[in-house]
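# Structural description and commentary
Take a look at the letters that make up each chain.
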Amino acid sequence: YTQGNAVLKLHNLTDSNVAFKVKTTAPRDYLVRPATGSMGPRASKDVVIIMQARHSAHVAATTDKFLVQAVQRDGGETPAKEEWAAFTKQQLFEKRLDVKFQAS
């Protein structure tokens, strides 16, 4: 976390194309760029998380979370919103991340 921004580094550890999606429990507090995308085999991608202006009391008591979802894809295209909803739990890799702030 630096000056309101953080970088989430995603790594595709497979030999397949992968699509990803990053969600947050507090979409008004964070901008995620890109929030969706795709990566080729063994590729990496930086996702920038931008924290919006907030009250310091909220920062100290935050329960905000992020969810990273990934799914193997035959092609390099990113699934549409409707396609993400149709994937089964067995098809998706999911990782939940808690937001932690450190005093500077």
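This text goes with the structure placed above it.
First, a word on what this report is: a plain description of the structure on this page.

## What about the packing of aromatic side chains?
Evaluation of the coordinates by the stated rule reveals 2 aromatic pairs. A ring pair is formed by Tyr30 and Phe66, whose centres lie 5.1 Å apart and whose planes are at 65 degrees; its orientation type is edge-to-face. Of the two residues, Tyr30 is situated in strand 3 (residues 30-33) and Phe66 in strand 6 (residues 65-73); the sequence distance between them amounts to 36 residues. Exposure remark for Tyr30: the relative accessible area of 5% places this residue in the buried category. The exposure class of Phe66 is buried, given its relative accessible area of 8%. A ring pair is formed by Trp84 and Phe87, whose centres lie 5.6 Å apart and whose planes are at 80 degrees; its orientation type is edge-to-face.

## Considering the pairing of strand 2 (residues 17-24)
Note: strand 2 against strand 6, 8 bridges, orientation antiparallel. The residue of strand 6 that forms the bridge with Val22 is Val68.

## Structural notes on the pattern of salt bridges
When their charged atoms lie close together, side chains carrying opposite charge are able to pair. The full count for this structure, using the stated rule, is 7 salt bridges. The residue Asp46 makes a salt bridge to Lys9 at a minimum N-O spacing of 3.2 Å. Taken together, the residues Asp46 in strand 5 (residues 44-51) and Lys9 in strand 1 (residues 5-11) connect sequence positions 37 residues apart. What makes Asp46 partly exposed here is its relative accessible area of 43%. Judged by relative accessible area, which is 52%, Lys9 ranks as exposed. Between Glu94 and Arg96 there is a salt bridge, with the nearest N and O atoms lying 3.8 Å from each other. Its relative accessible area of 22% is what places Glu94 among the partly exposed residues.

Thresholds applied
- Residues numbered from 1 in each chain as written.
- Predicted model: local features only at pLDDT ≥ 70, side-chain atom pairs only at ≥ 80, totals over all residues.
- Heavy atoms only, no water.
- Phe/Tyr/Trp six-rings, centres within 6.5 Å; stacked < 30°, edge-to-face > 60°.
- Helix = DSSP H or I, 4+ residues; strand = E, 2+ residues; numbered from the N terminus.
- Buried < 20%, exposed > 50% of the residue type's maximum accessible area, 1.4 Å probe, protein only.
- Pairing = 2+ DSSP bridges.
- Salt bridge = Lys/Arg side-chain N within 4 Å of Asp/Glu carboxyl O.

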